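A structural walkthrough
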Amino acid sequence: MVTRDETWRSLHDATLETIELRWASGDVRLRVRTVDAEQPQLVVVASSVRRMECERQLPWEFSASINEVRGPFPAEGELARVEIEMQSGDVLRIEAVDFCLQGAD
């Protein structure tokens, strides 16, 4: 189930630390460091990923901070789509069966 709430919007100004693709399971994990002292790290988990675009062209200069998260919203068939616009101007696009936010381990 895909939902949109305040937690997704709170990723503004979070720092993208890592992107991990688990090929066998099709899961993608994005670890972010937030500005929220109560939840300093979160993991965006995309399950059963079918497509992922990860630009790093830096049109607005280098930045590892997130500007905006768009989605999750419906995509083709059973898929949902999330777009993460970085403060560098690059956009990460992921299409997957499900998205969730988890506290970092």
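Presented here is an overview of the structure given in this document. (Residues numbered from 1 in each chain as written. Predicted model: local features only at pLDDT ≥ 70, side-chain atom pairs only at ≥ 80, totals over all residues. Heavy atoms only, no water.)

Core analysis: the biggest nonpolar cluster contains 21 residues, and L11, L30, I66, I84, I94 and F99 have the highest contact counts within it. Of all the secondary-structure elements, those providing two or more residues to this core are β2 (27-33), β3 (41-54), β4 (66-74), β5 (80-86) and β6 (91-103). (Core = buried A, V, L, I, M, F, W, Y, C linked by side-chain atoms within 4.5 Å. Buried < 20%, exposed > 50% of the residue type's maximum accessible area, 1.4 Å probe, protein only. Helix = DSSP H or I, 4+ residues; strand = E, 2+ residues; numbered from the N terminus.)

This part takes up the environment of A80. Tracing the backbone shows A80 in strand β5. Distance from A80 to L92, taken between C-alpha atoms, is 14 Å for residues 12 residues apart in sequence.

The buried fraction of β5 is high, at seven of seven residues. Side chains A80, V82, I84 and M86 project from β5 onto one buried face, and the interleaved R81, E83 and E85 project onto a second face that is buried too. Pairing of β4 with β5 involves six bridges; the strand directions are antiparallel. Across the sheet, R70 pairs through a bridge with E83, a residue of β5. Following β4, the chain reverses through five residues before pairing antiparallel with β5; G77 in that reversal takes a positive phi of roughly 60 degrees. Pairing of β5 with β6, which is carried by six bridges, proceeds in the antiparallel orientation. Note that in β6 the partner of E85 across the bridge is V91. In this structure, the hairpin formed by β5 and β6 is closed by a connection of four residues, where G89 is found at a positive phi of approximately 95 degrees. (Pairing = 2+ DSSP bridges.)

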